[in-house]
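Letter by letter, the chains look like this.
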Amino acid sequence: VRTLQARLGGVFSQALPEAGNGSLLELGFSVGVDGRATLDTTRLASALADDQAGAQARISAFANMFEARLRDYAGGTGILQARIDGLTGRLAEIADQRLALDDRMARVEQRLRAQFAALDGLIAQFQSTSTFLAGQLASIGNLRAERNR
């Protein structure tokens with residue numbers, strides 16, 4: 001966009017061979033640092049009074065050149081369209097990558113849930129074994145107590 005702004009701004013100061021090599025600056029047109037076009041109506045009125053046909057020729061030549069520059073950027077095969085096409089393609093790639101990531105995350109979640117269920121079952125078995133062993137140790141303790149009596 002900055003390049004477009006600079007190139008379009010340059011059109012104002014460019015000599016227009018179709019109009020006697022004059023520029024729009026001579027008619028009171030200018031471009032500020034911020035890229036905004038301005039018009040000094042006093043200078044334009046003076047230029048029209050001095051040479052109306054020449055001023056009209058410069059404005060017409062400017063309009064043709066300005067349109068050609070805009071077409072280079074905004075036309076169907078222009079720079080802006082190429083940028084839009086590139087960004088649209090990138091968005092499609094990102095959407096595909098996002099879908100692939102979603103699939104991968106679903107598989108990871110499924111694997112982790114299966115691992116959790118297996119570990120939960122294993123802990124239940126360990127608790128059962130612990131309860132059994134605690135009962136066996138208590139029985140051994142009771143047998144010793146009975147023998148010692």
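What counts and how
- Residues numbered from 1 in each chain as written.
- Predicted model: local features only at pLDDT ≥ 70, side-chain atom pairs only at ≥ 80, totals over all residues.
- Heavy atoms only, no water.
- Helix = DSSP H or I, 4+ residues; strand = E, 2+ residues; numbered from the N terminus.
- Buried < 20%, exposed > 50% of the residue type's maximum accessible area, 1.4 Å probe, protein only.
- Areas by Shrake-Rupley, 256 points an atom, 1.4 Å probe, with all protein chains shown as cover.
- Phe/Tyr/Trp six-rings, centres within 6.5 Å; stacked < 30°, edge-to-face > 60°.
- Axes fitted to C-alpha atoms, helices over the stretch in contact; angles between N-to-C directions.
- Parallel < 35°, antiparallel > 145°, perpendicular 65-115°, else oblique.
- Contact = heavy atoms within 4.5 Å.
- Nonpolar A, V, L, I, M, F, W, Y, C, P; charged D, E, K, R; others polar.
- Salt bridge = Lys/Arg side-chain N within 4 Å of Asp/Glu carboxyl O.
- Expected span 1.5 Å × (residues − 1).
- Patch = residues over 30% accessible without salt bridge, like charges linked within 9 Å, V, L, I, M, F, W, Y side chains within 5 Å.
- pLDDT = per-residue confidence, 0-100.
- Core = buried A, V, L, I, M, F, W, Y, C linked by side-chain atoms within 4.5 Å.

On to the overall build of the protein chain, then. Secondary structure assignment for the protein chain yields four helices and two strands. Scanning the protein chain from its N terminus toward the C terminus, one meets helices and strands in the order α-β-β-α-α-α. Put simply, the protein chain has 149 residues, and 17% of those count as buried. On the protein chain, roughly 11,400 Å² of surface is accessible, and the fraction owed to carbon and sulfur atoms is 57%.

Quick look at the packing of aromatic side chains now. In this description, an aromatic ring pair is defined by two values, namely the gap between the centres and the angle between the planes. Counted by the stated rule, this structure contains one aromatic pair. When the ring of Phe-62 is compared with that of Phe-66, the centres are 5.2 Å apart and the planes differ by 40 degrees; the resulting orientation is tilted. Pair noted here: Phe-62 and Phe-66 are both in helix H3 (residues 52–74), with a separation of four residues, about one helical turn.

Here we take up the packing of H3 against helix H4 (residues 79–148). Taken N-terminus to C-terminus, the directions of H3 and H4 make an angle of 15 degrees; their axes are 4 Å apart at the nearest point. What the angle tells us is that H3 and H4 run roughly parallel. Between H3 and H4, the contacting residues are Asp-72, Tyr-73 and Ala-74 on the first element and Ile-79, Leu-80 and Gln-81 on the second. Taken together, the residues of the contact of H3 with H4 break down into four nonpolar, one polar and one charged.

What follows covers the pattern of salt bridges. Throughout the structure, instances matching the rule amount to four salt bridges. Of the charged contacts, one joins Glu-26 and Arg-58 as a salt bridge, the two residues approaching to 2.9 Å between their closest N and O atoms. You can see Glu-26 sitting in the loop between helix H1 (2–13) and strand S1 (29–31) and its partner Arg-58 sitting in helix H3, a full 32 residues away along the chain. Glu-26 gets classed as partly exposed once you look at its relative accessible area, which sits at 42%.

A few words now on H3. End to end, H3 covers 32 Å across 23 residues, agreeing with the expected 33 Å (1.5 Å per residue, within 8%). Of all the residues in H3, the buried ones are Gly-54, Ala-55, Arg-58, Ala-61, Phe-62, Met-65, Arg-69 and Tyr-73.

A word on a nonpolar patch on the surface. A cluster of nonpolar side chains, Leu-119, Leu-122 and Phe-126, forms an exposed patch at the surface whose accessible area comes to about 300 Å². By the element assignment, Phe-126 lies in helix H4. The exposure class assigned to Phe-126 is exposed, which follows from its relative accessible area of 55%.

A few words now on the confidence of the model for the protein chain. With 87% of its residues at a pLDDT of 70 or more, the protein chain shows a mean pLDDT of 85. Predicted confidence in the protein chain is weakest over H1, with a mean pLDDT of 68, and strongest over H4, with 92.

Another point: the nonpolar core. General note: in soluble globular proteins, nonpolar side chains tend to be found buried as a group. By size, the foremost hydrophobic cluster in this structure holds nine residues: Val-11, Leu-24, Leu-27, Phe-29, Leu-44, Ala-47, Ala-55, Phe-62 and Met-65. Taken together, the elements giving at least two residues each to this core come down to helix H2 (41–50) and H3. For this core, the element with the most residues is H3, which contributes three residues. Setting aside anything within four residues of it in sequence, one finds Val-11 in contact with Phe-62, Met-65, Phe-66 and Arg-69.

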